[in-house]
Amino acid sequence: MPPLYDAHNHAHDDWLAPHRERLDADLRAAGLRRAVVNGTCEADWPAVAELAARFPWVYPSYGLHPWDAGNRAEGWFDRLKERLAAAPHAAVGEIGLDRWILDRARPDDPRLAGLRRAPLEEQGEVFIKQLSLAAAENRPATVHCLQAFGALEGLLRHVNTPARGFLLHAYGGPLELLGKFADYGAYFSFNGAFLEPRHAAKREVFKRVPADRLLVETDAPAMPLPADRAAFTLPPAPDGSPVNHPANLAAAYAALAELRGVPLATLAAQVEENFLRLFGP
Ligand SMILES: [Zn+2]
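Keep in mind it's a predicted model, so treat the numbers as computed, not measured.

## Digging into the overall build of the protein chain
For step 1, the next point in the chain: Along its length, the protein chain carries 10 helices and eight strands.
For step 2, the next point in the chain: Taking 19 Å as the expected radius of gyration for a compact globule of 281 residues, we find that the protein chain reaches 17 Å, a close match to that expectation.
For step 3, the next point in the chain: On the principal axes, the C-alpha backbone points of the protein chain span a range of 45 × 40 × 40 Å.
For step 4, the next point in the chain: When burial is assessed residue by residue, the protein chain has 46% of its 281 residues classed as buried.
For step 5, the next point in the chain: Sequence-distant contacts in the protein chain: of pairs separated by 6 or more residues, those separated by 24 or more amount to 76%.

Rendered as structure tokens:
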């Protein structure tokens, strides 16, 4: 296997904890070099730091996700700054905007239990604060955007973004905004879950992402691949949710190479160059 880079996951997640040693072995065998491991709320930042201290492939990233924006505690931003100051090479993320959680999420979705869902405007304030911090320190930032691409474009037009660029993870926005986001400095990561038949439009977009802005990700333990494409499986989470094994990254690389009609080695070399340009060595 060529060297692989996972631009976005949550390897510190509790769902993966029982499988830690096996995951590390599987990832090394699959050729993983680096994975950006994203904290999403204050409570999980220590687990990201712990994982980074334990496994050399972990690239830590700290942020407040839009799902958690409504539950932020007084002083959260100062504590984020402190955490970043202690980790000079860490990234900012996962941050962003999410209209799905406001408009389309089912009220009984177990992932949303106990969450206060911040309205879009409030999510925007929390997002801009963190993106501006990343820009000021020129750290890479990872952006989550669900069903709010127009709003995201509107915000990016007026704020500084990190000079080195930022990641729009699992990009599911329209083809028409691809060029605009690229002009603002965006990279776009392809997720193996896009191999589901219903994601045909997203696959079309990824045929057209400029080669020098292309990355690959798993979002593990979230976003499982279709069962026939997942080479690695894990038992379901305690609540019955499927758990994506991060070594399925290899399958996402292979699928993206096929989609773009390039040899796997060519794609892997391009993604390596892009990852190192955005996130650094
Ligand atoms: Zn994520």
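## Some points on the nonpolar core
For step 1, the next point in the chain: Counting residues in hydrophobic clusters, the biggest one holds 80 residues, and the most contacted among them are Leu215, Val216, Leu249 and Tyr253.
For step 2, the next point in the chain: Of the residues forming this core, the biggest block, seven residues, is contributed by helix 9 (residues 249–260).
For step 3, the next point in the chain: If we ignore the near neighbours within four places in the chain, the residues touching Tyr253 are Leu4, Val216, Leu264, Leu267 and Ala268.

## A word on the packing of helix 9 against helix 10 (residues 264–279)
For step 1, the next point in the chain: Remark: helix 9 packs on helix 10, axes separated minimally by 9 Å, with the N-to-C direction vectors making an angle of 110°. Of the possible angle classes, the one that applies to helix 9 and helix 10 is roughly perpendicular. Residues Tyr253, Ala254, Leu256, Ala257 and Arg260 of helix 9 form the contact with helix 10, whose participating residues are Leu264, Leu267 and Ala268.
For step 2, the next point in the chain: Here the contact of helix 9 with helix 10 is composed, by residue class, of seven nonpolar, no polar and one charged.

## With respect to the sheet that holds strand 7 (residues 186–191)
For step 1, the next point in the chain: Spatially, the eight strands line up as an open sheet ordered 1-2-3-4-5-6-7-8, and their pairing is parallel. The sheet is open, and its two borders are formed by strand 1 (4–9) and strand 8 (214–217), each paired with just one other strand. The sheet shows a mean angle of 30° between the axes of neighbouring strands, taken without regard to direction.
For step 2, the next point in the chain: One ladder, built from four bridges, connects strand 1 with strand 2 (residues 32–38); its direction is parallel. The residue of strand 2 that forms the bridge with Tyr5 is Arg34.
For step 3, the next point in the chain: Taken strand by strand, helix 5 (residues 120–137) contacts strand 4 (91–98) and strand 5 (141–146), and its axis lies near 160° from that of strand 4.
For step 4, the next point in the chain: On the sheet, helix 10 packs against strand 1, strand 2, strand 3 (58–62), strand 4, strand 6 (166–168), strand 7 and strand 8 and is oriented at approximately 95° with respect to strand 8.

## Section: the packing of helix 8 (residues 200–208) against helix 9
For step 1, the next point in the chain: At their nearest, the axes of helix 8 and helix 9 sit 9 Å apart, and the two run at 70° to each other. Judged on the interaxial angle alone, helix 9 and helix 8 are roughly perpendicular. Residue-level inspection shows Arg203, Phe206 and Lys207 of helix 8 in contact with helix 9, the latter providing Leu256, Leu259 and Arg260.
For step 2, the next point in the chain: Grouping the constituent residues of the contact of helix 8 with helix 9 by class yields three nonpolar, no polar and three charged.

## Section: the pairing of strand 2
Regular strands place side chains that alternate from one sheet face to the opposite one.
For step 1, the next point in the chain: The buried fraction of strand 2 is high, at six of seven residues.
For step 2, the next point in the chain: Following the backbone out of strand 1, through helix 1 (residues 20–30) and into the adjacent parallel strand 2, one traces a crossover that is right-handed.
For step 3, the next point in the chain: In this structure, strand 2 lies alongside strand 3, joined through four bridges in parallel fashion. Bridge pairing in strand 3 places Val37 opposite Pro60.
For step 4, the next point in the chain: In terms of handedness, the path from strand 2 via helix 2 (residues 45–54) over to strand 3 forms a crossover that is right-handed.

## Comments concerning the pairing of strand 8
For step 1, the next point in the chain: Neither face of strand 8 is open: one carries Leu214 and Val216, the other Leu215 and Glu217, and all of them are buried.
For step 2, the next point in the chain: Pairing of strand 7 with strand 8, which is carried by four bridges, proceeds in the parallel orientation. Note that in strand 8 the partner of Ser189 across the bridge is Leu215.

## So, helix 1
For step 1, the next point in the chain: Burial in helix 1 covers these residues: Leu23, Leu27 and Ala30. Across the axial projection of helix 1, the buried residues extend over an arc of 65°, all falling on one side. Those residues of helix 1 that are exposed and angled more than 90 degrees off the buried face are Glu21, Ala25 and Ala29.
For step 2, the next point in the chain: On its buried face, helix 1 sits against strand 1, strand 2 and helix 9.

## So, the environment of Phe181
For step 1, the next point in the chain: You can see Phe181 is positioned in helix 7 (residues 178–183).
For step 2, the next point in the chain: Taking the number of C-beta atoms within 10 Å as the measure of exposure, Phe181 has 23 and is therefore buried.

Criteria and thresholds
Residues numbered from 1 in each chain as written. Predicted model: local features only at pLDDT ≥ 70, side-chain atom pairs only at ≥ 80, totals over all residues. Helix = DSSP H or I, 4+ residues; strand = E, 2+ residues; numbered from the N terminus. Rg over C-alpha atoms; globule rule 2.2 N^0.38 Å. Buried ≥ 20, exposed ≤ 12 C-beta atoms within 10 Å, placed from the backbone. Contact = placed C-beta atoms within 7 Å. Core = buried A, V, L, I, M, F, W, Y, C linked by C-beta atoms within 7 Å. Axes fitted to C-alpha atoms, helices over the stretch in contact; angles between N-to-C directions. Parallel < 35°, antiparallel > 145°, perpendicular 65-115°, else oblique. Nonpolar A, V, L, I, M, F, W, Y, C, P; charged D, E, K, R; others polar. Pairing = 2+ DSSP bridges. Right-handed = clockwise from strand over helix to strand, strands pointing away. Arc of directions from axis to C-beta.

So, to be careful, I would describe these as geometric facts and stop short of saying anything about function.
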